[in-house]
Amino acid sequence: MTAGTKRKIVVSTIAEAEFYADGGFDDIIFASPMVKERISKRVISLATRLEAFHVMVDSVVGMQGVIDTPLDGDKKWNVFMEVDCGYGRTGCVWDSDDALMICRKAAAAEHVRFQGLYNHCGNTYVPDKDQKSQIQLTTVDRLVELKKRLEADGIPVPRFGCGSTPSCSRPINNMGVLTEFHPGNYIFYDYMQVLVGSCSMDDIAMKIVTTVISHKPEVGTLVVDCGWNCISQDGCERPKDTLPLGYTPIVDHPELRMRAMTQEIGKIEGNGEAIDYSKFPLGTRLYLYPHHSCATAGLQPKYYVHSGDKILDIWIPNRGW
Ligand SMILES: Cc1ncc(COP(=O)(O)O)c(C=O)c1O
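Cut-offs used in this document
- Residues numbered from 1 in each chain as written.
- Predicted model: local features only at pLDDT ≥ 70, side-chain atom pairs only at ≥ 80, totals over all residues.
- Heavy atoms only, no water.
- Helix = DSSP H or I, 4+ residues; strand = E, 2+ residues; numbered from the N terminus.
- Polar contact = N/O pair within 3.5 Å; in protein donor to acceptor, adjacent residues only side chain to side chain.
- Contact = heavy atoms within 4.5 Å.
- Expected span 1.5 Å × (residues − 1).
- Buried < 20%, exposed > 50% of the residue type's maximum accessible area, 1.4 Å probe, protein only.
- Phe/Tyr/Trp six-rings, centres within 6.5 Å; stacked < 30°, edge-to-face > 60°.
- Lys NZ or Arg CZ within 6 Å of the ring centre and 35° of its normal.
- Near = heavy atom within 4 Å.
- Areas by Shrake-Rupley, 256 points an atom, 1.4 Å probe, with all protein chains shown as cover.
- Nonpolar A, V, L, I, M, F, W, Y, C, P; charged D, E, K, R; others polar.
- 1 Å grid on protein atoms, 1.4 Å probe; cavity = no way out; pocket = protein on both sides within 12 Å on 5 of 7 lines; lining within 4 Å.
- Points joined across faces, edges and corners; volume = space filled by probe spheres on them.
- Pairing = 2+ DSSP bridges.

### A few points about the side chain of Asp-26
Alright, step 1. With respect to the secondary-structure elements, Asp-26 resides in strand β2 (residues 26–33).
Alright, step 2. Polar side-chain contacts of Asp-26 include one of 2.9 Å to the backbone nitrogen of Ala-52.
Alright, step 3. Sequence-distant contacts of Asp-26, that is, excluding residues within four places in its chain, are made with Lys-6, Arg-7, Lys-8, Leu-50, Glu-51, Ala-52 and Phe-53.

See below:
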């Protein structure tokens, strides 16, 4: 993913940044809005020991907090500004006065090196191709517009990028002007990405193995030992209405549908037809594709890395904050 280098990654927790820094990585963006109250000893230590640890701000207050907390010696904070190009989650609105004020403050501060603009276009999670392309076009146009506005004000913008798995999986030409992309989910993909047209089922690189633990023919269900505590329900708020395969597709069994989950229990029903229980004796292993692999991955204590039936490695994911 980093072309053989240990550089240029984005993290969303300080624990991840420390994990990668301890493993020799540098040029790490902590892509979650920084405010003074978050500048802990751990953050200062990363900013001090790495050559290029980057923080991101999306407010004048956040920017001021960084300026008011200088690092020791001649070390400078590396700062990106997060830009909201229409998604509306975090980020400073692209054409706002605040956008200019934040960048002016960053450029003028003695202990700050302004790196550029960061955008996460989470609004590209739409199945309609034309709608997605239009959002991508608008996002890049707005970033370029802001970049030009800053440059006209004498503020260089060396790096500017956007990212989300749907836009990076189906890029459009104008994205070529960006200096970087930062998708995350694509490393595993999932059923949500299939639904928004980023990938096919075969591209999903994560499965949950579960075991049939009970037959309930009187209510038409097959029970497995995987509930929301294992696979999460994130993204499937209305599965009955919107998701033909329920909470999670079952690998190689389109005739089954995950109807409901409790903490450690999954209730599977027939997808149209009644379940043929003789095909699924107690103890049968079934494999589930995650609806949202980021959420599923975050719940696991271990990943078994396999090729076919052979387990090649066990990975312990970095968790916590
Ligand atoms: C700030 C930021 N950057 C990048 C990403 C990666 O987006 P995706 O998982 O769609 O690739 C996210 C995901 O939530 C994010 O919040």
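### Thoughts on helix α5 (residues 129–152)
Alright, step 1. Here α5 spans 34 Å end to end across 24 residues, near enough to the 34 Å set by a 1.5 Å rise per residue.
Alright, step 2. All of the buried residues in α5 are Lys-132, Ile-135, Gln-136, Thr-139, Val-140, Leu-143, Leu-146, Lys-147 and Leu-150.
Alright, step 3. For α5, the secondary structure elements touched by its buried residues are β4 (77–84), α4 (97–108), β6 (112–120), β7 (159–163) and α6 (165–169).
Alright, step 4. N-cap assignment for α5: the residue whose side-chain oxygen lies 3.2 Å from the backbone N of Asp-130 is Asp-128.

### Regarding the packing of aromatic side chains
Alright, step 1. Applying the stated criterion across every chain, the model contains 3 aromatic pairs.
Alright, step 2. The interplanar angle of 75° and the centroid separation of 5.1 Å between the aromatic rings of Tyr-20 and Phe-25 together place this pair among those described as edge-to-face.
Alright, step 3. With relative accessibility at 31%, the residue Tyr-20 sits in the partly exposed group.
Alright, step 4. Residue classification places Phe-25 among the buried positions, given a relative accessible area of 16%.
Alright, step 5. Across the ring face of Trp-94, the terminal group of Arg-142 is positioned such that the distance to the ring centre comes to 3.8 Å.
Alright, step 6. Residue placement shows Lys-207 over the ring face of Tyr-287; its charged tip is 5.9 Å from the ring centre.

### Remarks on the site of the ligand
Alright, step 1. Within the structure, the ligand sits among Ala-31, Arg-89, Tyr-118, His-120, Tyr-125, Ser-164, Thr-165, His-182, Pro-183, Gly-184 and Asn-185.
Alright, step 2. A distance of 2.6 Å separates an oxygen atom of the ligand from a polar atom in the side chain of Thr-165.
Alright, step 3. Contact with the protein chains hides 80% of the accessible area of the ligand, taken as 390 Å² for the molecule alone.
Alright, step 4. When its residues are assigned to classes, the shell around the ligand shows 4 nonpolar, 6 polar and 1 charged.

### A closer look at empty space enclosed by the protein
To find leftover empty space, a probe the size of one water molecule is rolled over the atoms.
Alright, step 1. In the structure shown here, the tally under the stated rule is 1 cavity of 30 Å³ or more.
Alright, step 2. Size it by volume and the largest cavity reaches roughly 40 Å³.
Alright, step 3. Lining the largest cavity are Glu-82, Val-83, Asp-84, Cys-85, Tyr-87, Gly-88, Arg-89, Thr-90, Asn-119 and His-120.
Alright, step 4. Taken together, the elements giving at least two residues each to the lining of the largest cavity come down to β4 and β6.
Alright, step 5. Element by element, the count of residues in the lining of the largest cavity is highest for β4, at 3 residues.
Alright, step 6. Taken together, the residues of the lining of the largest cavity sort by class into 3 nonpolar, 4 polar and 3 charged.

### A short note on the environment of Lys-76
Alright, step 1. Position of Lys-76 relative to the elements: it lies in the loop between α3 (60–67) and β4.
Alright, step 2. When its relative accessible area of 30% is taken as the criterion, Lys-76 is described as partly exposed.
Alright, step 3. Along the chain, Lys-76 and Glu-110 lie 34 residues apart, while their C-alpha atoms are 8.0 Å from each other.
Alright, step 4. With residues near it in sequence (within four places) discarded, Lys-76 still touches Leu-71, Glu-110, His-111, Val-112 and Arg-113.
Alright, step 5. Here the side chain of Lys-76 touches Glu-110 through a polar contact of 2.9 Å, landing on its backbone oxygen.

### Describing the pairing of strand β13 (residues 285–288)
Alright, step 1. Only one face of β13 is covered, namely the face carrying Leu-286 and Leu-288; the face carrying Arg-285 and Tyr-287 is uncovered.
Alright, step 2. In this structure, strand β9 (residues 208–216) lies alongside β13, joined through 4 bridges in antiparallel fashion. Paired with Thr-211 across the bridge in β13 is Arg-285.

### What to know about α3
Alright, step 1. Looking at α3, one finds that the buried residues are Val-60, Gly-62, Met-63, Gly-65 and Val-66.
Alright, step 2. Those residues of α3 hidden inside the fold are in contact with β3 (53–57), β4, α4 and β6.

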